[in-house]
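Structural overview for review
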Amino acid sequence: NLARRDVPIPCNAPKELLKEKHVEFILKCGRDKQSYEYIMSEYLRMSGMYWCLAALDVMGKVDEADKEEILRIIKACQNEDGGIAAAEQHDSHILHTLCAVQVLTILNRLDIIDVDAVVNYTKGLQNEDGSFCGEKGNEIDTRFSLCALATLHFLDRLDEVNVEKAIDYVLSCYNFDGGFGTRPGSESHAGQVYCCLGVLAITGCLEKIDVYRTGEWLAERQCPSGGLCGRPEKLPDVCYSWWVLASLAMIDKLHWINRDSMIKFILACQDDEMGGFADRPGDMPDPFHTVFGLSGLSLLKFEGLEPVDPVFCMTKKAVGRFGFM
Ligand SMILES: COc1ccc(S(=O)(=O)N2Cc3cc(-c4ccc(C=O)o4)ccc3N(Cc3cncn3C)C[C@H]2Cc2ccc(O)cc2)cc1
Ligand SMILES: [Zn+2]
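Residues numbered from 1 in each chain as written. Chains lettered and ligands numbered in written order. Predicted model: local features only at pLDDT ≥ 70, side-chain atom pairs only at ≥ 80, totals over all residues. Heavy atoms only, no water.

1. Describing the overall build of the protein
- Looking only at helices and strands, the protein features 14 helices and two strands.
- Taken over the C-alpha trace, the protein has a radius of gyration of 19 Å; the compact-globule value for 325 residues is 20 Å, and the two agree within 12%.
- If one aligns the C-alpha atoms of the protein with their principal axes, the spans along those axes are about 55 × 50 × 35 Å.
- Out of the 325 residues belonging to the protein, those deemed buried represent 59%.
- The contacts in the protein between residues at least 6 apart in sequence include a share of 67% that link residues at least 24 apart.
- Positive and negative side-chain charges of the protein, numbering 33 and 49 respectively, have mean locations separated by a distance of 3 Å. (Helix = DSSP H or I, 4+ residues; strand = E, 2+ residues; numbered from the N terminus. Rg over C-alpha atoms; globule rule 2.2 N^0.38 Å. Buried < 20%, exposed > 50% of the residue type's maximum accessible area, 1.4 Å probe, protein only. Contact = heavy atoms within 4.5 Å. Lys, Arg positive; Asp, Glu negative; His and termini not counted. Charge placed at Lys NZ, Arg CZ, Asp CG, Glu CD.)

2. Focus: the coordination of the zinc ion (ligand 2)
- The protein atoms that coordinate the zinc ion (ligand 2) are Asp237 (OD), Asp237 (OD), Cys239 (SG) and His289 (NE2), at distances of 2.1 to 2.4 Å.
- Coordination of the zinc ion (ligand 2) draws on donor residues from a single chain, spaced D-x1-C-x49-H in sequence. Of this pair, aspartate 237 sits in the loop between helix 10 (211-219) and helix 11 (238-250) while histidine 289 sits in helix 13 (residues 287-299), placing them 52 residues apart in sequence. Of the two residues, aspartate 237 and histidine 289, both sit in the buried class. (Donors = N, O, S within 2.8 Å, 3.2 Å for Na, K, Ca; no water.)

3. A few points about the layout of surface pockets
- In this structure, the largest pocket spans a volume of roughly 1100 Å³.
- Lining the largest pocket are 33 residues, with Cys29, Gly30, Tyr38, Cys52 and Pro287 positioned closest to its centre.
- At the level of elements, helix 1 (19-31), helix 2 (36-40), helix 3 (45-58), helix 4 (67-77) and helix 13 are the ones that each hand at least two residues to the lining of the largest pocket.
- Taken together, the residues of the lining of the largest pocket sort by class into 19 nonpolar, four polar and ten charged.
- Elements represented by at least two residues in the lining of the second largest pocket include exactly helix 3, helix 5 (94-107), helix 7 (142-154), helix 9 (190-202), helix 11 and helix 13.
- A per-element tally of the lining of the second largest pocket places helix 5 first, with five residues.
- Broken down by class, the residue content of the lining of the second largest pocket amounts to 19 nonpolar, six polar and one charged. (1 Å grid on protein atoms, 1.4 Å probe; cavity = no way out; pocket = protein on both sides within 12 Å on 5 of 7 lines; lining within 4 Å. Points joined across faces, edges and corners; volume = space filled by probe spheres on them. Nonpolar A, V, L, I, M, F, W, Y, C, P; charged D, E, K, R; others polar.)

4. Quick notes on the site of ligand 1
- In the vicinity of ligand 1, the residues found are Tyr43, Leu44, Gly48, Trp51, Arg143, Asp237, Cys239, Trp243, Asp286, Pro287, Phe288 and His289.
- At 3.0 Å from a nitrogen atom of ligand 1 is found a side-chain nitrogen or oxygen belonging to aspartate 237.
- With respect to ligand 1, the side chain of histidine 289 contributes an N or O atom lying 3.2 Å from a nitrogen atom.
- Coverage of ligand 1 by the protein chains reaches 54% of its 770 Å² of free accessible surface. (Near = heavy atom within 4 Å. Polar contact = N/O pair within 3.5 Å; in protein donor to acceptor, adjacent residues only side chain to side chain. Areas by Shrake-Rupley, 256 points an atom, 1.4 Å probe, with all protein chains shown as cover.)

5. Things to note about the packing of helix 1 against helix 3
- Where helix 1 meets helix 3, the closest approach of the two axes is 10 Å, and the angle between their N-to-C directions is 155 degrees. If you check the angle between helix 1 and helix 3, you find them roughly antiparallel. Considering how the two elements wind past one another, helix 1 and helix 3 form a crossing that is left-handed. Facing helix 1, whose interface residues are Val23, Ile26, Leu27 and Cys29, helix 3 presents Cys52, Ala55 and Leu56.
- Classifying every residue of the contact of helix 1 with helix 3 gives seven nonpolar, no polar and no charged. (Axes fitted to C-alpha atoms, helices over the stretch in contact; angles between N-to-C directions. Parallel < 35°, antiparallel > 145°, perpendicular 65-115°, else oblique. Left-handed = near helix turned anticlockwise from the far one by under 90°.)

6. Describing the pattern of salt bridges
- One pass over the full model with this rule turns up 13 salt bridges.
- Glutamate 160 is paired through a salt bridge with arginine 157; the nearest N and O atoms lie 3.0 Å apart.
- Of the residues examined, glutamate 160 reaches a relative accessible area of 28% and is grouped as partly exposed.
- Aspartate 279 serves as the salt-bridge partner of arginine 280, at 3.7 Å between the closest nitrogen and oxygen. The burial state of arginine 280 is the same as that of aspartate 279; both residues are buried.
- Counted as one network, the salt bridges with shared partners bring together Asp116, Lys123, Arg157 and Glu160. (Salt bridge = Lys/Arg side-chain N within 4 Å of Asp/Glu carboxyl O.)

7. What about the side chain of aspartate 141?
- Mapped onto the secondary structure, aspartate 141 falls in the loop between helix 6 (115-123) and helix 7.
- What makes aspartate 141 buried here is its relative accessible area of 6%.
- At 2.7 Å, the side chain of aspartate 141 forms a polar contact with the backbone nitrogen of arginine 143.
- Polar side-chain contacts of aspartate 141 include one of 3.0 Å to the side chain of glutamine 192.

8. Details of unusual backbone geometry
- Within the chain, asparagine 108 stands out as a residue other than glycine whose phi angle is a positive 60 degrees.
- Along the chain, asparagine 108 turns up in the loop between helix 5 and helix 6.
- For aspartate 252, which is not glycine, the phi dihedral falls at a positive 55 degrees.
- Relative to the elements of secondary structure, aspartate 252 occurs in the loop between helix 11 and helix 12 (259-268).
- Classification of aspartate 252 by relative accessible area gives exposed; the value is 60%.

In structure tokens:
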């Protein structure tokens, strides 16, 4: 049917932030190492650590994390090629390399890894046309351009790759509708818009696109429920809230979204028993949707949360660790 698919918000959905429950939910995720979820999510471990730590940081509770255990795992996950893997004995990947660098930036402990080796690994992923692979010789995706440039940004080593070509490649993925896709000519998707705007924000080139056109494409993602979806006809999902809100914040068009209905949708995605956020009201919560729900609320200036940086989905405090910011 032509009516945009949407999700009803149950009348008994949570209407306030259940902060203490979310802290408990996140701390439990890393504690029970025998649980089915923990073992099955090994391929996500490094990313999961970032999603959990970033969620604690937005809530001002980083000190509750087991820092020594986190540092031990990250040290054990740096491979010979300089990259960092999801877990021990896994292959390096730029997604997990960035997550590890983000965790170490939040903890201010970049000293525990071989930074030069990480830079060398990341450089090796750039192709002739300026694009990046996620791992050597594998698929190309604008997501990996953001991961590579964000990694080098935190290591203050952006000059080690061809930034001009990286920008040209991202601009070659800019679509007529104001969105961005995974590769030139690919369909616009909120996640790719977020990654491509992130590359342009890190390199100070946001003026190279039509921010009004892109702002319109982003604002059109809001559904009657207040939720945001990644593409037309997709159901709203709290992680899309982050991709769209962070993208709007980067181009200073956050006010183009209805703030009240957006907050109502995100709060409705909380699980009032276990804590945590699900992708939409009533589904199972997970750390991924929890960090993006909390960070989306923070961008909307919801009280009781630390201000976050829209490009990196980390607190401004953690990102501003460097003098040069
Ligand atoms: C449970 O099914 C999935 C599906 C995809 C993935 S993913 O790694 O390719 N990824 C991130 C992602 C993570 C979770 C999740 C569950 C438990 C944990 C523990 O920390 O994390 C759940 C979903 C998810 N997806 C899939 C998704 C989210 N909303 C709708 N969907 C279909 C996103 C997916 C891609 C991704 C996005 C951002 C990013 O930084 C990394 C990966 C992971 C689990
Ligand atoms: Zn989602």
